[in-house]
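Examination of the molecular architecture
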Amino acid sequence: MVKEKSVVIVTGGTRGIGRSCVERLHKDGFNVLFTHSNSENDAQELQNTLNTTKTKRIKGLHCNVTDLDAASRIFCEAEKLGEVVGLVNNAGITGKLGPMTQLTDADLSNVVEVNLTSTIRLCREAAIRWSNNSNGIRRSIVNISSVAARTGSPGEYVAYAATKAAVETLSIGLAKELASVGVLVNAVSPGTIDTTIHARAGEPGRAMRVASRIPLGRPGQPEEIANAVAWMLSDESSYVTASVMNVAGGL
Ligand SMILES: NC(=O)c1ccc[n+]([C@@H]2O[C@H](COP(=O)([O-])OP(=O)(O)OC[C@H]3O[C@@H](n4cnc5c(N)ncnc54)[C@H](OP(=O)(O)O)[C@@H]3O)[C@@H](O)[C@H]2O)c1
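What comes next concerns the included structure. Residue indices begin from 1 for each chain and proceed along its sequence in written order. Per-residue local features are limited, in this predicted model, to residues with pLDDT of at least 70; the limit for side-chain atom pairs, both in listing and counting, is 80 or more; totals at the level of whole chains, interfaces and linings are taken over all residues. As a rule here, side-chain values come from all non-hydrogen atoms in the structure, and water together with hydrogens is ignored.

A look at the state of the cysteines
Spelled out, the test is: Note on terminology: disulfide denotes any pair of cysteine sulfur atoms within 2.5 Å.
Under the criterion given, the structure shown has zero disulfides. In this model Cys21 remains outside any disulfide bridge; the closest cysteine sulfur is found in Cys123, 15 Å from its own. As a non-bridged cysteine, Cys76 has Cys63 as the owner of its nearest cysteine sulfur, 11 Å distant.

Next up, the structure:
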């Protein structure tokens, strides 16, 4: 059971997988601080939908995860909602679909900054704040990886795939570093999920196009990833750390 005023941070909570995580964690009884970099209306709508009682348990924060002070700002805002017990590093971008020869420097630096550097900075902030676990609370970091870490995504976004492989290595190493202070660190690796990320990469219909390659024969829904994230943040997964959970329809 979730202790009252337990808070989870979800980066990139206004659309797709992040939004589903916010909705599911709210349903499970957590307070949630979610971020976005450029979707104020969606953030407001999500808060209005979920904050139905006088107690405001869900808060959106306009904050680009690549800002140098983002990690401390995010944690400071989250702590206003209660005891922070979870961090879901979800915000991610692919860059434009295409072969390596077409990768621009701007896309390369954005992909590395959003997917990897910011995730490391947020993990570092959590490690600093959570290392002195005098009250014995179990805390959890869930990093969102991708099936691309295993396939390499040739012809589509190899650089993105490389950042996700790094996110998995980060999760395994940090899990071992923080185990003794009661912090669990895992990654959830989605397959192809029906979200706006594909349109942003330049092909809105990509999820349906690749469906025939997926053993289960369809793209996943964001809620199916949120289910795995919620489990990782629940008491049910108390002996799970340094693991990567594939939620990929058999890919
Ligand atoms: N969809 C898939 O097929 C798939 C497969 C494997 C892994 N994943 C991973 O799952 C995660 C979520 O993907 P999704 O498909 O749900 O993406 P999405 O639909 O494009 O949503 C991305 C979310 O992240 C936010 N975001 C993006 N850049 C940000 C930044 N710099 N700072 C703060 N927030 C930012 C977006 O809001 P703003 O635009 O307002 O910032 C949005 O809320 C990503 O890490 C992605 O790599 C997705």
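Things to note about the pattern of salt bridges
Threshold: Any Lys or Arg side-chain nitrogen located within 4 Å of an Asp or Glu carboxyl oxygen qualifies as a salt bridge. The helix count covers DSSP runs of H or I at least four residues long, the strand count covers runs of E at least two residues long, and both are numbered beginning at the N terminus. Only protein chains enter the accessibility calculation, which uses a 1.4 Å probe; a residue whose area is less than 20% of its type maximum is buried, one above 50% is exposed, and one in between is partly exposed.
Scanning all chains against the criterion turns up 13 salt bridges. A salt bridge links Asp235 to Arg138, with the shortest nitrogen-to-oxygen separation between them at 3.1 Å. Residue Asp235 is located in the loop between α9 (222-232) and β7 (244-247), and its partner Arg138 is located in the loop between α4 (105-130) and β5 (139-144); the two are separated by 97 residues in the primary sequence. Judged by relative accessible area, Arg138 falls into the partly exposed class, the value being 28%. Across the salt bridge formed by Glu224 and Arg218, the nearest N and O atoms sit 2.8 Å from each other. Three or more residues are tied together by salt bridges with common partners; here these are Glu156, Glu203, Arg206 and Arg209.

Concerning the pairing of strand β4 (residues 83-89)
In plain terms, the rule: Pairing between strands is defined by DSSP: at least two bridges between them are needed. Handedness of a crossover: with both strands directed away from the viewer, a clockwise path from the first strand across the helix to the second marks it as right-handed.
When you tally the buried positions in β4, you get six out of seven residues, the bulk of the element. Across five bridges, the pairing between strand β1 (residues 6-10) and β4 is parallel. By the bridge assignment for β4, Val8 is matched with Gly86. By the bridge criterion, four bridges tie β4 to β5 in an arrangement that is parallel. Opposite Leu87, over in β5, you have Ile141 as the bridge partner. Once you follow β4 into α4 and on to β5, the crossover reads as right-handed.

Some words on the packing of helix α3 (residues 70-79) against α4
Cut-off, in case you're wondering: A fitted line through C-alpha atoms serves as each axis, taken over the contacting stretch for helices, and the angle formed by two N-to-C directions is quoted from 0 to 180°. When describing relative orientation, an angle under 35 degrees is termed roughly parallel and one over 145 degrees roughly antiparallel, while 65 to 115 degrees is termed roughly perpendicular and anything else oblique. Each helix crossing is assigned a hand: it is left-handed if the near helix lies turned anticlockwise from the far helix by less than a right angle, otherwise right-handed if that turn is clockwise. Contacts: residue pairs with any heavy atoms within 4.5 Å of one another. Ten residue types, Ala, Val, Leu, Ile, Met, Phe, Trp, Tyr, Cys and Pro, are classed as nonpolar, four, Asp, Glu, Lys and Arg, as charged, and the remainder, Gly among them, as polar.
Interaxial distance between α3 and α4 falls to 9 Å at its minimum, and their mutual angle equals 50°. The angle between α3 and α4 places the two elements in the oblique class. You can see that α3 and α4 cross each other, and the crossing is right-handed. Every residue of α4 that contacts α3 at Ala71, Ser72, Ile74, Phe75, Cys76 and Glu79 is listed here: Arg121, Leu122, Glu125, Ala126, Arg129 and Trp130. Residue classes in the contact of α3 with α4 are distributed as seven nonpolar, one polar and four charged.

Some points on the sheet that holds β4
Here we have seven strands laid out as an open sheet, ordered β3-β2-β1-β4-β5-β6-β7, and parallel in their pairing. Each having just a single partner strand, β3 (58-62) and β7 make up the two edges of the open sheet. Direction aside, the axes of adjacent strands within the sheet are offset by 20° on average. Note: β1 against strand β2 (residues 31-36), four bridges, orientation parallel. Pairing of Val8 across the sheet is with Val32, part of β2.

Observations concerning the site of the ligand
Note the threshold: We define proximity as follows: a residue is near a molecule or strand when any one of its heavy atoms falls within 4 Å of that partner.
Inspection of the region around the ligand gives 31 residues, with Thr14, Ser37, Ser39, Tyr160 and Thr195 positioned closest. When contributions to the shell around the ligand are tallied by element, the ones reaching two or more residues are α1 (16-27), α6 (158-178) and α7 (197-201). Per-element tally for the shell around the ligand: the top contributor is α7, with three residues.

Quick notes on the environment of Glu83
To be explicit about the condition: N or O atoms closer than or at 3.5 Å make up a polar contact, with two conditions inside protein: a donor-capable atom paired with an acceptor-capable one, and, for residues adjacent in sequence, both atoms drawn from side chains.
Note that Glu83 resides in strand β4. Residue Glu83 is classed as partly exposed on the basis of its relative accessible area, which comes to 34%. Taking the C-alpha atoms as reference, Glu83 lies 9.0 Å from Glu4; in sequence the two are 79 residues apart. Every residue in contact with Glu83, bar those within four places of it in the chain, is listed here: Lys5, Ser6, Val7, Asn135, Ile137 and Arg139. Side chain to side chain, Glu83 and Arg139 meet in a polar contact 2.4 Å long.

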